[in-house]
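Here is what each chain is made of, one letter per residue.
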Amino acid sequence: MSTGEGPADPGLVSSPQASGVKVLETLKKHVFEHSDAPSKTLSSREVCSSFSDLTAAVFSSSQRANSGVVVSGAIELLVHACSNQDRAIRLAGQENLHKLVKKLQSTHLSKLLQDLFHELKKNGSARSLSVALEVFAALFPRTRPSRRQALSQSLLPVLLRLLARDEEGLHESLQDGLSHILPTLTPFLSTTNNQLLMSAVLDRLPASPASFRRMAASTLHSLCVHSKSPQSLTSWLVGRMINIGCQETATEQTCQGILLTLQNMAGDQDIKTLNLMKQVYGLVLSCMMYRDGNTTVAAMETMNSLLLASSPALSRWLMTAQPSHALASKFWMITNEGEVGGDGQDSRQEKQDSSSDAHSLREDINDAYFGSDQEPSPPATAESSPVTSDAGSAVVQMGYFAVRDGPTQPLSSLVLYLTESVLVGKRVSALSVGLACLTSCADLAPSLLPSLSPYLPFTVHPDPKLKSRSAKLLAVLLRALLRESRGEASSPLVSEAAAALHSVLTDSSPVVLKAVCESLRICLPSLAASSQPKLAVELVEPLLAAASSSSYWLAKVELLRTLACLPLTALALSLPSLPHSLLSLCVFPLLGDTDHRVRTAAAEAVSLLVPSLQLTSDQVLAHAHWEVSREFPPLHSSTPQLSLASVGMHSCKITPPTPLGLQHFLWFLVCNISSSENHSLQRGCLEALHMLCSVFPPASMPQAWGCDCHIPSLLPTTLSLLTASQLAWTVQGQQQLLDVSSSLFLSCSLSAMDRLVQSGQPPSSSPWAALGDSELSAHAAVLLRHVGRLLAVFVHVLEGREPETRETKRMAAVSPKKAAMRDSSPIRSSPAKPKVIIENLQRAPLIPRDGLGQFSSSQPHLKILDTCRSAYTNYQVSLARVGEDKFSRLLQSTHNLTTILMEVALAADVSKHVEELMSYFTITFTVDPSGALLCVQQLLNALFGMNAAAQHTPIHSPYLSSLPFELHSLQR
């Protein structure tokens with residue numbers, strides 16, 4: 001399409017009231033029919049504007065009888081526009097398609113699915129198919145169960161045709177789309193159809209690109225997990241992949257696709273039968289000795305996943321001595337230098353030279369592993385004879401594991417092979433994955449790594465990836481050694497591993513620091529609970545020093561996550577200054593970081609550290625005992641031990657103490673929010689306060705939050721921030737302050753009503769009399785006014801209205817004829833704006849003058865209106881569910897506060913606002929249906945005296961009982 005500027009088509013009317021059919025036909029003429037004459041072609045900007053007109057016309061005609069024709073034509077046009085050569089047209093088409101689907105999915109779901117299915121059935125361009133598949137995958141799980149069977153049978157041939165396409169971009173879209181479609185589609189497919197779909201994927205593996213292999217692995221895994229009989233289908237798939245991998249025609253792409261599929265399936269319970277796991281282990285082990293370097297790396301990655309998710313039966317088999325055996329073919333060669341893998345160009349020639357031995361290979365594998373659970377025997381071939389070597393060492397000859405001393409453990413042979421063959425190479429990817437496999441082996445059997453000398457050179461390697469892998473190996477080895485010794489850290493290997501991990505921690509690279517933090521989360525709890533907790537203290541001290549030196553946001557996030565998981569009370573016995581250093585050097589300064597991701601991690605750290613801080617000496621010891629008992633569970637043996645690990649031998653369960661330091665944290669956060677001039681620190685403290693509200697609900701522990709006294713102090717501060725602070729001008733800040741205010745007000749209200757019930761005094765006739773507190777009643781009135789204005793803001797955003805300011809009131813009083821005469825004057829430069837404002841004012845009724853929603857004179861709410869409009873724009877083009885975007889989350893928080901207010905209000909408090917609130921809920925229902933309905937229910941309960949405020953007995957209501965936490969007032 002030409003993008004030159006041409007005259008606007010007279011058929012395109014820039015108004016939402018334009019006929020949908022007329023706009024649709026005009027756009028079809030210019031989008032589907034490519035004209036060479038620039039004067040007859042719309043410009044790119046005009047086409048994009050016309051898409052918006054078309055979407056508005058569809059919205060206005062969606063309730064009419066002939067709306068199906070317009071909806072179908074609009075979807076066809078917008079999907080086709082996504083394949084246009086002009087990038088602006090493609091983006092506009094996709095954006096308007098998302099808007100259309102978002103608006104009509106609640107009323108025209110079946111029609112939308114049918115039209116999108118027809119677009120997939122056309123099998124058009126890859127770009128159009130990707131967009132149609134994305135939208136169809138988002139809507140397909142919402143189909144009614146009665147229609148899923150027929151739609152699934154019709155969708156299967158369409159998916160088979162899409163799988164036959166070669167575009168890599170379409171493969172990525174298929175991977176994302178099928179992850180949403182298959183959980184709903186697969187249960188309605190027969191076993192034959194499932195196998196047909198799997199065979200179509202497996203047949204495409206030879207000579208397939210990497211994008212298709214990733215899509216194939218994800219698809220095969222989903223088909224097995226969500227099928228009617230996952231165990232039988234998994235067994236069939238594993239057998240089929242083994243047969244394909246053993247064929248002489250198997251290419252590198254085939255092996256890599258099979259390995260990637262097995263890697264995704266390693267954690268499934270259906271594959272964890274011993275026979276299947278042994279088959280998979282044999283196939284992966286054979287591919288590890290493949291000549292092609294990429295296949296070798298993929299095989300070791302799959303082996304790592306297999307060992308991480310190994311079942312107890314497979315772990316016992318791996319650590320049980322077996323006869324000398326081998327899984328190899330004649331083309332599983334190791335280079336003369338002992339290096340695994342190599343140049344992939346020689347692999348095909350080697351396979352051609354070994355084609356005559358393919359049949360014997362398959363028999364060898366079947367005899368060794370694929371039979372029953374009996375002990376495997378080595379294949380009887382001349383090449384499998386062991387090579388003379390040092391006693392007890394594993395030798396790889398022609399791909400065979402051979403030992404001189406007779407039977408050996410398969411896991412031991414694997415460790416020796418990785419140590420002597422893989423780690424001596426120079427390819428970084430192979431070395432990295434080899435260290436990962438050794439890490440999994442060390443977790444299963446740490447005794448197989450009696451010395452650290454083969455692995456210590458990697459702790460000083462210049463490559464940060466290998467340093468990171470070696471750090472994780474040392475951490476896992478430390479945890480496994482302490483687990484076997486029940487916390488006894490006197491072994492020299494433990495001290496050597498801790499010293500090596502300390503040397504890696506001093507590295508200045510942020511990538512290495514991030515990996516070391518992840519590794520320390522593995523071993524620090526075990527070290528702190530061991531007989532030598534000073535080893536853990538020696539690792540924590542440089543970790544605290546790294547907090548002020550690191551500038552990489554991801555390293556800061558991992559550092560905070562590591563510090564939040566520290567067994568603080570156990571470490572405080574050896575380092576009493578640790579809690580103060582942790583807060584003053586790391587957590588509190590990072591709350592004011594400029595990166596929002598670091599602030600979120602710091603807030604999470606605060607919520608995790610609260611239970612173990614500010615404890616008395618007796619509580620520190622009790623909490624330390626609890627941490628040790630959690631790390632080393634009790635044994636049935638009663639053998640006494642002298643180390644700290646003996647605390648875990650008691651049979652009684654120790655409950656962690658109540659977080660007495662919560663109030664100290666609360667005052668620190670509130671003071672920083674109120675008085676700090678650092679805006680980033682204010683946001684970080686607000687996020688931490690919001691997380692503390694969700695982890696430690698004020699209604700469950702009102703004493704810690706100061707909500708059980710007659711004069712609550714946190715609630716007035718929070719309300720002033722909610723109504724007057726600049727923090728409330730953003731969508732996220734407004735939502736967090738709403739949630740905190742809701743929790744505090746609920747706790748204060750329940751405590752006040754409980755005191756009123758206990759006193760036996762009848763409620764007064766003042767507003768919000770059920771609370772029995774004049775100051776709290778004033779807070780309730782402020783919250784109700786704020787909620788009404790927020791609901792009015794949402795109504796203005798959803799209906800596209802402008803707030804009724806003084807200028808608009810004056811304009812509304814002017815007749816349309818006088819306004820048009822004024823607009824035609826040459827003095828005025830923007831005649832269209834007053835006309836649009838007058839139309840908006842005349843289109844919908846105004847908010848009552850004394851209503852809750854009057855916010856035209858409130859500057860904070862006008863700011864919120866602007867931010868909500870931006871968030872609503874993103875909400876319109878997003879296919880995410882309710883609660884996954886900022887706009888819907890803010891509306892949910894507003895609805896939540898409304899339900900709490902209705903729970904403590906009497907009929908006299910809300911009766912004059914019923915009609916206004918109901919009109920708001922009718923409009924917000926389109927975004928948050930469940931929240932709006934709950935608000936209506938609570939409003940009716942308040943009117944008819946069925947809420948907690950109208951009861952004169954101990955407080956109880958269905959709404960309070962449905963809360964996800966226990967209420968302190970209901971426990972009495």
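Computed from a prediction, not measured in an experiment: that's the story for all the values here. (Residues numbered from 1 in each chain as written. Predicted model: local features only at pLDDT ≥ 70, side-chain atom pairs only at ≥ 80, totals over all residues. Heavy atoms only, no water.)

Asks: Account for the environment of T924, with residues named and values stated.
Replies: With respect to the secondary-structure elements, T924 resides in helix α41 (residues 914-924). Classification of T924 by relative accessible area gives buried; the value is 0%. T924 sits 33 residues away from L891 along the chain, and the two C-alpha atoms are 8.0 Å apart. Setting aside residues up to four positions removed in sequence, T924 forms contacts with L791, F794, L798, L891, H895 and A932. (Helix = DSSP H or I, 4+ residues; strand = E, 2+ residues; numbered from the N terminus. Buried < 20%, exposed > 50% of the residue type's maximum accessible area, 1.4 Å probe, protein only. Contact = heavy atoms within 4.5 Å.)

Asks: Go over the packing of helix α4 (residues 87-104) against helix α6 (residues 126-139), please, and point to the residues and values.
Replies: It is at 12 Å that the axes of α4 and α6 come closest, and there the two elements cross at 20°. Between α4 and α6, the interaxial angle falls into the category roughly parallel. The chirality of how α4 crosses α6 is right-handed. Residues R90, Q94, L97, H98 and V101 of α4 touch α6, and the partners they reach there are R127, V131, E134, V135 and L139. (Axes fitted to C-alpha atoms, helices over the stretch in contact; angles between N-to-C directions. Parallel < 35°, antiparallel > 145°, perpendicular 65-115°, else oblique. Left-handed = near helix turned anticlockwise from the far one by under 90°.)

Asks: An account of the pattern of salt bridges is needed here, citing residue identities and associated values.
Replies: Scanning the entire structure with this criterion turns up 18 salt bridges. In this structure, the salt-bridge partner of E167 is R165, at a minimum N-O distance of 3.1 Å. Residues E518 and K514 are paired through a salt bridge, measuring 2.8 Å at the closest nitrogen-oxygen approach. Taken together, the residues span about one helical turn, with E518 and K514 both in helix α22 (residues 510-528) at a distance of four residues. Overall, E518 belongs to the partly exposed group, its relative accessible area being 32%. Look at the salt bridges and you will find they share partners, linking E76, E119 and K122 into a network. (Salt bridge = Lys/Arg side-chain N within 4 Å of Asp/Glu carboxyl O.)

Asks: Explain the nonpolar core to me, using residue names and the numbers behind them.
Replies: As a rule of thumb, soluble globular proteins bury nonpolar side chains together. With 268 residues, the main nonpolar core has L414, W705, F745 and F887 as its most contacted residues. Sorting elements by how many residues they give to this core places helix α34 (residues 774-799) first, with 13 residues. Apart from the residues within four sequence positions on either side, F745 is in contact with L715, L771, L776, A780, L783, I900, L901 and V904. (Core = buried A, V, L, I, M, F, W, Y, C linked by side-chain atoms within 4.5 Å.)

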